[in-house]
Amino acid sequence: MKQRTKSNNPQEARSHRKKRSIPYAQLIIGTAAFLYFFALQTNQILATDMWTKAEDIMKDIYGKIVGISTIAAIVTASVALLLMNFSKTGRTVDESRAWLKRIIITWVILNGLGFILAYVTPFFNDGKWNG
């Protein structure tokens, strides 16, 4: 009688192995249970009012934009003034003067919006004049 030896063929080795199946239903149920218990353990932090929180966020973002725009306006206005004072051609002076006007107008508009938000909108709370 011939004795059977192990084969070096990988296909035969795979065919003798037991195929494993992934229990998808158990994975889904386990994940759902984990998420449910995780949600129960977390502390919920709720804002008193959604619109109040949105207003605070918008004021914070606007403050940062105005801060950045002020720095950018100062730097670009400085460059425009330097070009106006030290250039030898009239065209460069005219272009620098035009850019300086644009920078100033844009900066005034951005800060004007802040003025409207800070000082004018409180007069119109609840959709009516409170002045």
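Just so we're clear, the structure is a prediction, and the values are computed from it rather than from any experiment.

S.K.: Is there a simple way to think about the packing of aromatic side chains in this case?
M.R.: Two aromatic rings are characterised by how far apart their centres lie and by the angle between their planes. Evaluated as defined, the whole model comprises two aromatic pairs. Where F34 meets F38, the ring centres are 6.1 Å apart and the plane angle is 20°; that geometry is what we call stacked. Taken together, the positions of F34 and F38, both in helix α2 (residues 24-41) and four residues apart, correspond to about one turn of that helix. When the ring centre of W99 is taken as origin, the NZ or CZ atom of R102, which lies over that ring, is 4.8 Å away.

S.K.: I keep staring at the layout of surface pockets and nothing clicks. Help me out?
M.R.: Approximately 200 Å³ is the volume found for the largest pocket. Considering the residues around the largest pocket, the lining is formed by 10 residues, among which E55, K59, L117, A118 and T121 are closest to the centre. Breaking the lining of the largest pocket down by element, the ones donating at least two residues are α3 (50-86) and α4 (90-120). Take the lining of the largest pocket: its biggest share by element is four residues, from α3. The residue inventory of the lining of the largest pocket, partitioned by class, reads five nonpolar, three polar and two charged.

S.K.: Sorry if this is basic, but what is going on with a nonpolar patch on the surface here?
M.R.: A cluster of nonpolar side chains, contributed by I105, I109, L113, F115, I116 and Y119, occupies part of the molecular surface with about 630 Å² of accessible area. Mapped onto the elements of the fold, I116 is located in helix α4.

S.K.: What exactly am I supposed to notice about the side chain of S69 here?
M.R.: Its location among the elements puts S69 in helix α3. The class for S69 is buried, based on a relative accessible area of 15%.

S.K.: Looking at this model, I keep getting lost on α3. Mind explaining?
M.R.: Three- or four-residue spacings in an α-helix give side chains the same orientation, since the helix completes a turn every 3.6 residues. The terminal C-alpha atoms of α3, which comprises 37 residues, lie 54 Å apart, in line with the 54 Å expected from a rise of 1.5 Å per residue. By the burial criterion, the buried members of α3 are V66, S69, A73, A77, A80 and M84.

S.K.: Where do I start with the nonpolar core in this structure?
M.R.: Nonpolar side chains in soluble globular proteins generally cluster together in the buried interior. Core analysis: the largest hydrophobic core is formed by seven residues, namely A73, A77, A80, M84, V93, L100 and I103. Per-element tally for this core: the top contributor is α3, with four residues. Once residues lying within four places of it in the same chain are set aside, the contact partners of L100 are A77, A80, L81 and M84.

S.K.: Whenever I open this one, α4 confuses me. Can you help?
M.R.: With 31 residues, α4 ought to run about 45 Å at 1.5 Å a step, and its terminal C-alpha atoms sit 43 Å apart, in line with that. Along α4, the residues that are buried comprise V93, S96, L100, I103 and G114. Tucked into the core, α4 has its buried residues touching α3.

Criteria and cut-off values
Residues numbered from 1 in each chain as written. Predicted model: local features only at pLDDT ≥ 70, side-chain atom pairs only at ≥ 80, totals over all residues. Heavy atoms only, no water. Phe/Tyr/Trp six-rings, centres within 6.5 Å; stacked < 30°, edge-to-face > 60°. Helix = DSSP H or I, 4+ residues; strand = E, 2+ residues; numbered from the N terminus. Lys NZ or Arg CZ within 6 Å of the ring centre and 35° of its normal. 1 Å grid on protein atoms, 1.4 Å probe; cavity = no way out; pocket = protein on both sides within 12 Å on 5 of 7 lines; lining within 4 Å. Points joined across faces, edges and corners; volume = space filled by probe spheres on them. Nonpolar A, V, L, I, M, F, W, Y, C, P; charged D, E, K, R; others polar. Patch = residues over 30% accessible without salt bridge, like charges linked within 9 Å, V, L, I, M, F, W, Y side chains within 5 Å. Areas by Shrake-Rupley, 256 points an atom, 1.4 Å probe, with all protein chains shown as cover. Salt bridge = Lys/Arg side-chain N within 4 Å of Asp/Glu carboxyl O. Buried < 20%, exposed > 50% of the residue type's maximum accessible area, 1.4 Å probe, protein only. Expected span 1.5 Å × (residues − 1). Core = buried A, V, L, I, M, F, W, Y, C linked by side-chain atoms within 4.5 Å. Contact = heavy atoms within 4.5 Å.

Structural measurements only, silent on function.
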